Amino acid sequence: MDLLVLMAQQRLGHRHEGREGEKVSIQFLDLRTSQAISYGLPLNTGELVSNTSPGTQVGGVGLIVKDVLAGNKNDIRVELDASVGMSSTMGDIVTLRVHRISNGVTTVVFQGNQVIAGSANVITGFTAADFQPTFPTNGQLVYRLFVQAQSATDVFLDGPISFNGLAVAGTFP
């Protein structure tokens with residue numbers, strides 16, 4: 001069994017397979033990782049970040065939730081976390097945005113800004129939550145991470161870049 005899955009199950013407690021329609025404590029559904037760049041590149045050499053909305057996509061995960069027990073179908077929770085390494089030659093403000101795509105609808109579930117002061121590189125990170133999203137008819141919740149710069153020519157994706165998603169359902173008894 002994958003180490004990340006074991007860690008998630010340990011963090012969430014024992015998975016109980018209740019009867020049809022029965023609420024269970026916490027049900028592990030899925031855990032996915034998207035890693036665009038595994039290590040830092042030389043300063044200002046990565047892909048240039050777009051300044052048009054929604055920005056440059058730097059990560060994406062599709063969380064499979066189709067096996068959720070009937071009693072937990074309306075109690076899905078998703079934890080998302082990311083780290084993005086960027087650099088700038090003059091400084092800029094960067095917006096990080098997570099979109100959920102489910103049932104043909106795109107929804108922003110997280111948005112935050114990062115200031116890059118002067119000529120510098122930064123590794124910024126965040127944790128976000130998507131609480132009780134509408135159950136997807138295809139059984140998959142898709143999340144995409146975008147980075148958008150204010151300037152047109154100044155922010156580079158030098159890495160590392162990772163985007164992770166964890167889906168669980170249920171409540172504590």
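Rules of the game
Residues numbered from 1 in each chain as written. Predicted model: local features only at pLDDT ≥ 70, side-chain atom pairs only at ≥ 80, totals over all residues. Heavy atoms only, no water. Buried < 20%, exposed > 50% of the residue type's maximum accessible area, 1.4 Å probe, protein only. Helix = DSSP H or I, 4+ residues; strand = E, 2+ residues; numbered from the N terminus. Pairing = 2+ DSSP bridges. Contact = heavy atoms within 4.5 Å. Phe/Tyr/Trp six-rings, centres within 6.5 Å; stacked < 30°, edge-to-face > 60°. Core = buried A, V, L, I, M, F, W, Y, C linked by side-chain atoms within 4.5 Å. Polar contact = N/O pair within 3.5 Å; in protein donor to acceptor, adjacent residues only side chain to side chain.

Undergrad: Just checking my understanding: could you explain the pairing of strand S8 (residues 140–149) for this structure?
TA: Taking burial as the measure, the ten residues of S8 include eight buried ones, the bulk of the element. The pairing of strand S3 (residues 56–64) with S8 spans eight bridges and is classified as antiparallel. Each residue of the ladder has a partner; that of Gly59, found in S8, is Leu145. Relative to S8, strand S5 (residues 92–102) runs antiparallel, the two being bridged by eight bridges. Across the sheet, Arg97 pairs through a bridge with Phe146, a residue of S8.

Undergrad: How do you make sense of the environment of Val78 when you look at a structure like this?
TA: With respect to the secondary-structure elements, Val78 resides in strand S4 (residues 76–88). Taking the C-alpha atoms as reference points, Val78 and Gln132, separated by 54 residues in sequence, lie 8.1 Å from one another. Contacts of Val78, omitting those with residues within four sequence positions, involve Leu63, Ala128, Ala129, Asp130, Leu141, Tyr143, Leu166 and Ala167.

Undergrad: Is there a simple way to think about the environment of Ser50 in this case?
TA: Take Ser50: it is sitting in the loop between strand S2 (47–48) and S3. For Ser50, a relative accessible area of 21% corresponds to the partly exposed category. Not counting residues up to four positions away in its chain, the partners in contact with Ser50 are Gly55, Thr56, Val147, Gln148 and Ala149.

Undergrad: I'm lost on the packing of aromatic side chains in this one. Help?
TA: To describe a pair of aromatic rings, one takes the distance between the centres and the angle between the planes. A complete count under the given rule lists one aromatic pair for this structure. Centre to centre, the rings of Phe110 and Phe126 are 4.2 Å apart; their planes meet at 10 degrees, and the pair counts as stacked. A residue pair is termed long-range when its members are at least 10 positions apart, and Phe110 in strand S6 (residues 105–116) and Phe126 in strand S7 (residues 120–131) qualify at 16 residues.

Undergrad: Sorry, what's going on with the nonpolar core here?
TA: Counting 32 residues, the largest nonpolar core has Ile76 and Tyr143 as the members making the most contacts within it. If you list the elements that add at least two residues to this core, you get strand S1 (27–37), S3, S4, S5, S7, S8 and strand S9 (155–169). Those residues in contact with Ile76 that lie beyond four places of it in its chain are Leu29, Val65, Val68, Asp130, Phe131, Gln132, Pro133, Phe135, Leu141, Val168 and Ala169.

Undergrad: When you look at the side chain of Ser102 in this model, what are you seeing that I'm missing?
TA: Topologically, Ser102 is positioned in strand S5. Residue contacts for Ser102: discarding those within four places in its chain leaves Thr134, Pro136 and Leu141.

Undergrad: I keep staring at the side chain of Ser87 and nothing clicks. Help me out?
TA: Relative to the helices and strands, Ser87 resides in strand S4. Its relative accessible area of 0% is what places Ser87 among the buried residues. One polar contact links Ser87 to Asn44, side chain to side chain, over a distance of 2.8 Å. Those residues in contact with Ser87, other than ones at most four positions away along the chain, are Leu43, Asn44, Ala120, Asn121, Asp154, Val155, Phe156 and Asp158.

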